[in-house]
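One letter stands for each residue in the lines below.
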Amino acid sequence: VQLVESGGGLVQPGGSLRLSCAASGSIRSLHNMGWYRQAPGKQRELVAQITSGGSTNYADSVKGRFTISRDNARNTVHLQMNSLKPEDTAVYYCNLMKLLSRTNYWGHGTQVTVSS
């Protein structure tokens, strides 16, 4: 399984960004997809997750500001990030977890910087 992220960049506080992740390879089995982030000096943390059925889960820090969505036909997952704050600055990683094997796959990450 390969995951390729896009859409990161520099944005001012209060601005918006949309991250996308395209999955390819052997992904026919049921799987969750999601976004994690890692800021300098901190552990990687879950940002948002979406199941194959569309159920979502968000970190408390992003609830009401971020929206995760997926297109099962295109094997893509998106993260719409609004009202961005400096503390959202991090490398954002796309994640795919196969439910049967509990195997995790990761993208290479995309940098999001929120600064004036």
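Below or above, wherever it landed, is the structure these notes cover. Fair warning: this is a prediction, and the values are worked out from it, not measured in the lab.

Conventions we followed
Residues numbered from 1 in each chain as written. Predicted model: local features only at pLDDT ≥ 70, side-chain atom pairs only at ≥ 80, totals over all residues. Heavy atoms only, no water. Helix = DSSP H or I, 4+ residues; strand = E, 2+ residues; numbered from the N terminus. Rg over C-alpha atoms; globule rule 2.2 N^0.38 Å. Buried < 20%, exposed > 50% of the residue type's maximum accessible area, 1.4 Å probe, protein only. Contact = heavy atoms within 4.5 Å. Areas by Shrake-Rupley, 256 points an atom, 1.4 Å probe, with all protein chains shown as cover. Disulfide = S-S within 2.5 Å. Pairing = 2+ DSSP bridges.

### Some thoughts on the overall build of the protein
No. 1: Regarding its fold elements, the protein presents 0 helices and 11 strands.
No. 2: Secondary structure elements of the protein occur, N-terminal to C-terminal, as β-β-β-β-β-β-β-β-β-β-β.
No. 3: Relative to the compact-globule value of 13 Å for 116 residues, the protein shows a C-alpha radius of gyration of 14 Å, a close match.
No. 4: Over its C-alpha atoms, taken along the principal directions, the protein stretches across nearly 45 × 25 × 20 Å.
No. 5: Taken over 116 residues, the protein has a buried fraction of 41%.
No. 6: Contacts spanning at least 24 positions in sequence make up 53% of the contacts within the protein whose residues lie at least 6 apart.
No. 7: Surface accessibility of the protein: about 6,200 Å² in total, with carbon and sulfur atoms responsible for 48%.

### Things to note about the state of the cysteines
No. 1: Evaluated as defined, the whole model comprises 1 disulfide.
No. 2: Across the disulfide from Cys21 sits Cys94; the S-S distance is 2.1 Å. Measuring handedness by torsion sign, the sulfur bridge of Cys21 and Cys94 sits at about -85° and is left-handed. You can see Cys21 sitting in strand E3 (residues 17-24) and its partner Cys94 sitting in strand E9 (residues 90-98), a full 73 residues away along the chain.
No. 3: Relative accessible area serves as the criterion here: at 0%, Cys94 is assigned to the buried category.

### Considering the pairing of strand E7 (residues 66-71)
No. 1: Alternating positions in E7 separate cleanly, Phe66, Ile68 and Arg70 being buried on one face and Thr67, Ser69 and Asp71 remaining unburied on the opposite face.
No. 2: Between E7 and strand E8 (residues 76-81), which follow one another and run antiparallel, lie 4 residues, and Asn75 among them has a positive phi close to 55°.

Interpretation in functional terms is not warranted from these geometric data alone.
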